[in-house]
Protein chains: 6
Amino acid sequence: MRLRIINPNTTTAMTDKIGEAARRVAAPGTSIQATQPASGPVSIESHFDEAISAVGVLEEVLAGERQETDAYIIACFGDPGLLAARELTRAPVIGIAEAAFHLASLVSTRFSVVTTLGRTGIIAEHLLEQYGFHRHCRRVRAAEIPVLDLEENGASALDRIIDECRRARDEDGIGAIVLGCGGMADLTETISREAGLPVIEGVTAAVKLAEALVGLGLGTSKYGDLAFPRPKPFIGRFEGFSHLTPER
Amino acid sequence: MRLRIINPNTTTAMTDKIGEAARRVAAPGTSIQATQPASGPVSIESHFDEAISAVGVLEEVLAGERQETDAYIIACFGDPGLLAARELTRAPVIGIAEAAFHLASLVSTRFSVVTTLGRTGIIAEHLLEQYGFHRHCRRVRAAEIPVLDLEENGASALDRIIDECRRARDEDGIGAIVLGCGGMADLTETISREAGLPVIEGVTAAVKLAEALVGLGLGTSKYGDLAFPRPKPFIGRFEGFSHLTPER
Amino acid sequence: MRLRIINPNTTTAMTDKIGEAARRVAAPGTSIQATQPASGPVSIESHFDEAISAVGVLEEVLAGERQETDAYIIACFGDPGLLAARELTRAPVIGIAEAAFHLASLVSTRFSVVTTLGRTGIIAEHLLEQYGFHRHCRRVRAAEIPVLDLEENGASALDRIIDECRRARDEDGIGAIVLGCGGMADLTETISREAGLPVIEGVTAAVKLAEALVGLGLGTSKYGDLAFPRPKPFIGRFEGFSHLTPER
Amino acid sequence: MRLRIINPNTTTAMTDKIGEAARRVAAPGTSIQATQPASGPVSIESHFDEAISAVGVLEEVLAGERQETDAYIIACFGDPGLLAARELTRAPVIGIAEAAFHLASLVSTRFSVVTTLGRTGIIAEHLLEQYGFHRHCRRVRAAEIPVLDLEENGASALDRIIDECRRARDEDGIGAIVLGCGGMADLTETISREAGLPVIEGVTAAVKLAEALVGLGLGTSKYGDLAFPRPKPFIGRFEGFSHLTPER
Amino acid sequence: MRLRIINPNTTTAMTDKIGEAARRVAAPGTSIQATQPASGPVSIESHFDEAISAVGVLEEVLAGERQETDAYIIACFGDPGLLAARELTRAPVIGIAEAAFHLASLVSTRFSVVTTLGRTGIIAEHLLEQYGFHRHCRRVRAAEIPVLDLEENGASALDRIIDECRRARDEDGIGAIVLGCGGMADLTETISREAGLPVIEGVTAAVKLAEALVGLGLGTSKYGDLAFPRPKPFIGRFEGFSHLTPER
Amino acid sequence: MRLRIINPNTTTAMTDKIGEAARRVAAPGTSIQATQPASGPVSIESHFDEAISAVGVLEEVLAGERQETDAYIIACFGDPGLLAARELTRAPVIGIAEAAFHLASLVSTRFSVVTTLGRTGIIAEHLLEQYGFHRHCRRVRAAEIPVLDLEENGASALDRIIDECRRARDEDGIGAIVLGCGGMADLTETISREAGLPVIEGVTAAVKLAEALVGLGLGTSKYGDLAFPRPKPFIGRFEGFSHLTPER
C-alpha cells in the first residue's frame, strides 16, 4: 500500500524526520511518501498557523488522489484539515493527534499529553473533547519549547521534554504519555526509556492505524456527511478548486 | 464603532444581503463594513469549503487591522477560522453560529437549529459541543436546500425552511429556533411570524454581541492561548503572512 | 429602552452602585432603573438567602410589568429566580452570572471565576453546568470576603480580590476572569489593570446583552416552557399573586 | 424518628394524601407529620410557582427545627428550596424527585419520567443533570394534566397517566418509570400493575431514604457549602429571618 | 426481611466484620446473613481479583434464591458482578460503592473517596461515571494500604486513612467523605469523629438502601434489560449454571 | 507475531468462524490462534453470561502467557474481562467492541451499532460511555436474534440484520455501522454491500489494532493501574490463581 504522510508545515527537515519515523514502523508492503505543502508556515504553533496550513494539507491530498494513494496521514498534532481531507477521498485519512489518543487509550486507562507550547494546549483540549477522550486524558502539559527547537536545539529540547514527562508520570496518575508534536517522532524510544512508561507518538501510531484500515478494506465513508464536497466555483487564487469532481 | 462583517464565501449578493441585515439592527453609532474574500468558494457546504474559506476570512481580518476596526463578525454558520481570527487582533471576533446559540439560550431553555444541507449538521454539532450548548439544542435539522438556492430560488427555499421550522416547533419540545445559515439573514422576521416562536439569526445576533463587547471595552484576550501568533516565515503563496507582527 | 436592574438584596448602597455601573456602560437610549426588593436579606451568601431573595426579584419584575419595561437584569451572581422571572414577561431577563459567562467565553477559551465566599462556589458550579460553561471555566475561586465587606472595607476587600485574580492568572491556564458578585461592579477596571487580563463583570455584561436582545426585538419565548404561569389561587401573604394574568 | 413531610403547595387534600402515602410505607418507629405552608400557590406548575413555594418550604423547615425533627421531605417533584433547606438543619432533607431518581437507578438501568404538564419537563431535566441521572433517564414525558386534576378528576387523570406509562414502557427501552408529581403518591400501585413494570414514586421513596439516613446517623453536612447560613438582617415581611441562628 | 450480604472475597474475618457492621445499623425486623464465596481471592485489589470474585458473588446470589432472601448486598467497593446479580433475582441487589455514592450525594454537594490502593482508583472512577456521580466526586484518594492490612495492622492502617481523610477535607472543597473499601466498615465512626465531617461507608449505606427498597415493595425490574438470563448450556466447571431457570 | 483470539463463549463453531475471519485479514507474519474457554456458556447474551465468561477469558490469557503470545483479542462484543486481562500481561489486549468503535470513528463522524438482542444494548451503552464514544454513536439497535441463531439459522438471521442496518442507514444520520456481535464476523462484506455504507466488525478490527500496537512495540502499560495484580492466595476452585507471578 501507498501511504502519503503530509507534514502540514514547510520545514523539510521535519518532513524528512517524519518520513523516517514512519518508515521505521511501516509494514513490509507499505511504501511511505512524506510530503509537505508548497506554501505555508515553517511551523504550526497557533490556530492561525493551523488554519493556513490546512490549505496545503488539502492540496497534498488532492495531489495524492491523482496518484494511487491508499491512505493519508496528517502529521501535525492539531490534525489540521482532517474532516475536510476526509471529504476529498475514499481512502482513510488519519490525524496524528487522534491516532495517538486512540492507541494510548488501548494500553492505559488514563494518559497525559506533553506538547511543545502551552498556547497550543487548547487545540489538544478541543480535539480530546471532539474525539471523546477528554476523560481519558488527565492533563495537557507543555515543555514550553518552540516547535523548531526540536530541530535546532535537539538536546536541550529533549531534556525539557523528558523532565515534563517525568513530572506527568509522578503527578498525574497515568499509565502512558502522548507526545504532542509531529516533530517528536524520533524521540519516542528515548523518552519512553527515560520516563519508564509507554510513550505514544502520533506519526508512528497513524501509520499503523492507516495500515489497519487499509488491511480491512475500510476507507472514509462516502455515505453521509463525509461525502465528496458538492462541486462549485472557487474564485481568485483558489480557482483551481473549482468544479472539483473527485472520482466517485 | 466600525464593525467589519466578513462573509466567508465569495458570492457578492450574499455579502450585500448580510450587510443589509446587519445595518438594519446596528446601533446608531455602528458603521457596518460588509466584505468578502478575494479568493474562495461561492458557497460553504462542507468541511472542505469551510477550510478553504478560512484563509480569506483571516486575510479580511488582517485587512481590517490595517484600518480602524473595532470588531469582526464571521458570517458563515460554521464559524470558519474563528479562533485563528481571534489570535490576529485585540478586537472582539464573533462567529454567527456562536452568536445565535448564545442568544437563543437567553430567551428559551431549549432550541433547535434549522440549517440548509443535512451534511453540514455535523459542523453545527461539533460547535454546539465545543461552545457548551449541546444540551440546549434538541435537534439539528436541515431543510435540504443548497445555500445558493437562498439567492436563486428564494420563495421555494423559504417555504421549505418554514415547513422545517414548524416541524421543529411541533416535535422538538423547544422554545426557539436558530437559523443555521448566513444566507437566511433576511428571512428571520417572516419565519418567526410564520412559525410563531422566536427565531434567532446569527448575523444580527453577532452585530449586537459585537456592540456589547465593544461597549464594555472588552476585546479578545491577549493573555494566554489567544495571544498574537508567534511571527515566523511562511513560504509560497502564503509568504505574505511571514513575520506578521500585529500591533501589540 | 427602559431597563430595570433588580438588585436581589436589600442594601441600598449596593443597588446604587449597581445602577451607576450600569449607567456607565448603557447605550444613549437606555434608561436604567435600579431597584431592590421591599423585603429580603441585606446580602446573598447562601442558598437560603438566595431562595428568599427570589420572591423580591419576582415582585420587582411584576412591578416592572405594570410600567413600560423593555428588559430586566437580576443582579446577583446566583441568578436567583431567573427562569421564574422569565415566565412573567415577554421582555428579556438576564442574570449577571450567565451574562458574564457568555461574554467571557467570547473573548477567551478558558476563564476562572473569582467570587466572595467559598461556600457560594457551588452555586456558580451548578449554574456553569446548567448553562453549559463548565468546561470553559477552569476553576471557581473565592477571596473569602463577605459580600458587605465590599461596601464597608472596600480597600482591603479589593486587595484580596486582586490577589486571588493574580493567582488565577498565574495558575489556572486562563485568558479571562469572571468576577463573581454584583457588588464588584465598580471594581472591574481596577482589577483588570492590576491583573493584566480581561475581567468580565456581570452587571455591565448583562446591560449590554439586554440591549442586544431588545435591539433585535427578541424577548423571552412565550412558546413552550417559559410561557406565562397558569393563573391560580395563592393563599396567605402571597395571595397577591393569585390569578396573575400578565398581558399575553 | 419524627419525619416532617412538607407539601410545598397549599392544597390540604394533597397534603393529606401525601401524608397517608408516607404513613403506608413508614417503618414502625417513624412518625409522619405532613404539613404545608401557610402561604403559597395551590399547585406548582411553573418555575414561578416553585420559587414562591420555596419560602413556605423553608418556613416549614424552621418550624420543624423548633420541634424535634429527625428528617425533612420536600414533596414536590421540582425539589423546591432543597439546598436552602439543607442549610437550615443538621437533619437530612430529601426531595421527592431526587429520591425517585436514586431508587429508580437501583432497580433498572434506564428509566423514564411521567409527569403532569409538559412545561414542567424542563425542571425535571435540570434536576436530572444536576443530580447526575441524565443518562439514566431516557425521556421525560407528560400526561398533560394539571396537577389539581389529580384531585378533582382522578379517574380520567389516572387513565391518561397509565396510557403515557404504557407508551414509555413500549417505546423508551426502559426498565422502570418515575412518577413526576407528589400528587400521584396514591397511584403507584395501580399504575405499576397496569403498566407491568416497577413504578417509583417520590414521596414514598423519600420516606425510606430519610429513614435510611437517620438510621445511619447521617445528616446534612455542616462542613463546607451546606453549613448554616451566616446570620444577617432581613427586612420587610422577611424580617423574621433576621439573625437566624439555628442550633449549631 | 432477610438480607444476604455477600463479601466477595474469601477472608472470613472480613465477612464477620461486615456482618457485624450491618447488624449494628439493621432495622429491628432485618435479619442479616453475611456470606462469602467458597472460592476466590482473599482480597480484591485489581480488576483481575474483581473479575474472579464475581463468580462467587453470583453463586451466593443463586444460593440466596434457593432460600427466602429479600435483598442482596455486594460488599466490595468495586461492586463486582452487580448487574449480573440483578439479572438473577427479583429482589433488590445493592453494591456498596453505589450505596455510598447515593447517600453521600444526599448530605453534601461534593464528596471525595478515600480508598486503599491507588491502583483501584480507576475502578471507582469508572463506577462514578456509570452511576452518574463523577461531577459530585471531587477526587478519588488512596491511603496506599493493602486491603488485608485493615485486618492485620489495623491501628497503623487507621492512622493513614484518617490522615488522608483530613487532607481530603482540607484540600478538596467537599462536605463528605466516602470510604472506599468494605474492610473499613467498622471504622466509620472513628474516622468521622477525627475528620470532623460526615463519612459514608458502603456496607451500612447498602443495608439501609436495601431496607428502603424492600419496604417499598421494589425489586430489580424484570422488564427490559435486567430480566432473568436466557437459560442455556454451560460447560466444564460452570456446567451447574446450565439451564438456569430462576423462579419467574 | 502470535495473536491469541479468545472467543469467550464455548461454541466451537463460533470459535472457528472467528478464527477464519481473523486469518482472512491478518498480515503475512501474523499467526492466529483461536481459542475458547474450557468452561462457560455456549453464548453470551446477558450480564450473567458475560461475568461467567470472563473467568475463561482470563484463563486463556494465562495460558497464552505460558507460550509466546504477542497480543490478545477478546472476541465478544461486551469485551468481558478486558481490564482484568490487561493486568495479566505486558502484551496488548483488545476487545472487539472497543476495536470496532475506534475504527468506526476514524471513517465516519457518527455511527450506529446493530447487535443481536435488545437486552444487551445496555452493555454496549456502558462501553460507549467508558471508552468515550457515546456521542459518536447515534443509536444502539438490535435485530432481536439470539446469538446462536447466527450459527443455526444463518440466512434468516442475516436478513434481519441487513434490514436493521438499512433502517439505521436511513433513519440515524450516520456514516457507518458497527456490528455488535463476534458471531457476525463472517457477514461484514455482505452486509456492507447490501447496506451501502462502511460496516465495521470487531474481530477483524481488533486483529489490525493488535498488529498496530505490536508493530509499534506498544503493550499494556505496567506503570500505574494496569500493573500485574498483587500475588495472593485464592481458595476453592480458583486456588490455581494463587500467588500468580506473571513474568515482570
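Residues numbered from 1 in each chain as written. Chains lettered and ligands numbered in written order. Predicted model: local features only at pLDDT ≥ 70, side-chain atom pairs only at ≥ 80, totals over all residues. Heavy atoms only, no water.

Visitor: Sorry if this is basic, but what is going on with the interface of chain B and chain A here?
Guide: As a measure of interface size, the accessible area lost when the parts come together is often cited. Residue-level contacts link 43 residues of chain B with 43 residues of chain A. A buried area of about 4100 Å², summed over both sides, lies between chain B and chain A, and 63% of it is on carbon and sulfur atoms. The largest share of the area that chain B buries against chain A comes from F48(B), R119(B) and R237(B), three residues that together contribute 19% of it. Linking chain B with chain A are ten salt bridges, by the criterion used here. The partner of D49(A) in a salt bridge is K232(B), with the nearest N and O atoms 2.5 Å apart. Taken together, chain B and chain A are joined by 27 residue pairs in polar contact (both at pLDDT 80 or more). Here the side of chain B that touches chain A takes eight residues from helix α2 (residues 47–66) of chain B, the largest share from any one element. Here the residues of the side of chain B that touches chain A are counted per class, giving 25 nonpolar, nine polar and nine charged. As judged from the two bridges shared by strand β10 (residues 234–235) of chain A and strand β3 (residues 40–41) of chain B, these two strands associate in the antiparallel manner. What sits directly across from F234(A), in β3(B), is P41(B). (Contact = heavy atoms within 4.5 Å. Buried area = accessible area lost by both parts, 1.4 Å probe. Salt bridge = Lys/Arg side-chain N within 4 Å of Asp/Glu carboxyl O. Polar contact = N/O pair within 3.5 Å; in protein donor to acceptor, adjacent residues only side chain to side chain. Helix = DSSP H or I, 4+ residues; strand = E, 2+ residues; numbered from the N terminus. Nonpolar A, V, L, I, M, F, W, Y, C, P; charged D, E, K, R; others polar. Pairing = 2+ DSSP bridges.)

Visitor: Got a minute to help me understand the domain arrangement of chain A in this structure?
Guide: All names here are of chain A. The assigned domain composition of chain A is domain 1 (2–95 + 205–241) and domain 2 (97–202). A separation of 22 Å is found between the C-alpha centroids of domain 1 and domain 2. The interface is formed by 27 residues belonging to domain 1 together with 33 residues belonging to domain 2. Contact with domain 2 buries area across many residues of domain 1, yet K17, E45 and F77 alone supply 36% of it, more than any other trio. Counting across the interface, domain 1 meets domain 2 through three salt bridges. Here K17 makes a salt bridge to D186, at a shortest N to O gap of 3.9 Å. Between domain 1 and domain 2 we count 14 residue pairs in polar contact (both at pLDDT 80 or more) in total. Listing elements by their share of the side of domain 1 that touches domain 2, those giving two or more residues are α1 (12–25), α2 (47–66), α3 (82–87), β5 (93–95) and α9 (202–215). Here the side of domain 1 that touches domain 2 gets six residues from one element, more than from any other, and that element is α1. In the side of domain 1 that touches domain 2, the residues fall into 15 nonpolar, six polar and six charged. (Domains from an automatic or database assignment.)

Visitor: Would you mind going over the sheet that holds strand β7 (residues 137–142) of chain C with me for this structure?
Guide: Hydrogen bonds between backbone groups are what pair the strands of a sheet, and the pairing can be parallel or antiparallel. Residues and elements named next belong to chain C. Spatial strand order, β7-β6-β8-β9: four strands in an open sheet with parallel pairing. Among the strands making up the open sheet, the edge pair consists of β7 and β9 (199–201). Each strand of the sheet is rotated relative to its neighbour by a mean of 25 degrees, with strand direction disregarded. Running over the sheet, helix α7 (residues 154–171) touches β6 (111–115), β7 and β8 (176–180) and is turned about 155 degrees from β7. (Axes fitted to C-alpha atoms, helices over the stretch in contact; angles between N-to-C directions.)

Visitor: Whenever I open this one, the pairing of β7(C) confuses me. Can you help?
Guide: Each regular strand displays side chains that alternate between the two surfaces of the sheet. All names here are of chain C. In this structure, β6 lies alongside β7, joined through five bridges in parallel fashion. In the strand pairing of β7, S112 is matched with R139. Crossover connection from β6 via helix α5 (residues 121–131) to parallel β7: handedness right-handed. (Right-handed = clockwise from strand over helix to strand, strands pointing away.)

Visitor: Which parts of the structure should I look at to understand the relation of the copies chain B and chain A?
Guide: Turning one copy of the chain about an axis and sliding it along that axis gives the other copy, so a rotation and a shift relate them. In the superposition of chain B on chain A (RMSD 0.0 Å, axial shift 0.0 Å), the rotation amounts to 180 degrees. What the superposition gives is, in effect, a two-fold axis relating one chain to the other. Here 100% of the interface residues in chain B have copies in chain A that are interface residues too; the copies meet face to matching face. (Least-squares fit on C-alpha atoms with pLDDT ≥ 70 in both.)

Visitor: Please clarify how the sheet that holds strand β9 (residues 199–201) of chain D should be interpreted in this entry.
Guide: Residues and elements named next belong to chain D. The strand order β7-β6-β8-β9 describes an open sheet built from four strands, whose pairing is parallel. Both outer strands of the open sheet, β7 (137–142) and β9, are each paired with one neighbouring strand and no more. Averaged over all adjacent pairs, the angle separating strand axes in this sheet is 25 degrees, with direction ignored. The pairing of strand β6 (residues 111–115) with strand β8 (residues 176–180) spans five bridges and is classified as parallel. Of the residues in β8, the one forming a bridge with V113 is V178.

Visitor: Looking at this model, I keep getting lost on the side chain of E164(C). Mind explaining?
Guide: Residue and element names in this part refer to chain C. The topology assignment puts E164 in helix α7. Look at E164 and you get buried, because its relative accessible area is 9%. If sequence neighbours within four positions are ignored, E164 has contacts with V114, R141, A142 and A143. (Buried < 20%, exposed > 50% of the residue type's maximum accessible area, 1.4 Å probe, protein only.)

Visitor: When you look at the side chain of D225(C) in this model, what are you seeing that I'm missing?
Guide: Residue placement: D225(C) occurs in the loop between α9 (202–215) and β10 (234–235). No salt bridge forms around the buried D225(C); measuring N to O, its nearest opposite-charge neighbour R138(B) is 5.2 Å away. At a separation of 2.8 Å, a polar atom in the side chain of D225(C) contacts the side chain of T109(B). Those residues in contact with D225(C), other than ones at most four positions away along the chain, are T109(B), E87(C), H47(D), R119(D) and I122(D). (Lys, Arg positive; Asp, Glu negative; His and termini not counted.)

Visitor: Explain the environment of A195(B) to me, please; I cannot follow it from the model alone.
Guide: On the secondary structure map, A195(B) appears in helix α8 (residues 188–195). C-alpha of A195(B) to C-alpha of H134(B): the two residues are 61 residues apart in sequence and 23 Å apart in space.

Visitor: Sorry if this is basic, but what is going on with α8(B) here?
Guide: All names here are of chain B. Burial in α8 covers these residues: T188, I191 and A195. Seen from one end, α8 has its buried residues packed into an arc of 70 degrees, which puts them on one side. Exposed and oriented more than 90 degrees from the buried face of α8 are E189 and R193. Where α8 is buried, its residues contact α7 (154–171), β8 (176–180) and β9 (199–201). At the C-terminal side of α8, G196 shows a positive phi close to 75 degrees. (Arc of directions from axis to C-beta.)

Visitor: What is the right way to read α7(C) from this model?
Guide: The periodicity of an α-helix, 3.6 residues per turn, causes residues three or four positions apart to be oriented the same way. Residue and element names in this part refer to chain C. Compared with an ideal rise of 1.5 Å per residue, which puts 18 residues at 26 Å, α7 spans 26 Å between its outermost C-alpha atoms and is within 8% of the ideal. Buried residues of α7: A157, L158, I161, I162, E164, C165, A168 and R169, and no others. Angular distribution of buried residues about the axis of α7 spans 165 degrees; they occupy a single face of the element. The exposed residues of α7 that point more than 90 degrees off its buried face are A155, D170 and E171. For α7, the secondary structure elements touched by its buried residues are β6, β7, α6 (149–152), β8 and α8 (188–195). (Expected span 1.5 Å × (residues − 1).)

Visitor: For this particular structure, what's the right way to read the packing of aromatic side chains?
Guide: Aromatic ring pairs: the centre-centre distance and the angle between the two ring planes describe each pair. Across all of its chains, the model carries 51 aromatic pairs over all chains by this definition. Judged by centre distance (5.9 Å) and plane angle (80 degrees), the ring pair of F133(A) and F133(F) falls under edge-to-face. Of this pair, F133(A) sits in the loop between α5 (121–131) and β7 (137–142) while F133(F) sits in the loop between α5 (121–131) and β7 (137–142), each in a different chain. The pair F133(A) / F133(F) is uniform in exposure class, with both members buried. Relative to F48(D), the ring of F234(C) has its centre 5.8 Å away and its plane inclined at 55 degrees; by these criteria the two rings are tilted. With F234(C) in strand β10 and F48(D) in helix α2 (residues 47–66), the pair connects residues from two separate chains. You'll find F234(C) and F48(D) in the same group, each marked buried. Every member of this aromatic cluster is reached through a ring pair, and the members are F77(A), F101(A), F111(A), Y131(A), F133(A), F77(F), F101(F), F111(F), Y131(F) and F133(F). Over the ring of F228(F) we find K222(F); its NZ or CZ atom is 4.3 Å from the centre of that ring. (Phe/Tyr/Trp six-rings, centres within 6.5 Å; stacked < 30°, edge-to-face > 60°. Lys NZ or Arg CZ within 6 Å of the ring centre and 35° of its normal.)

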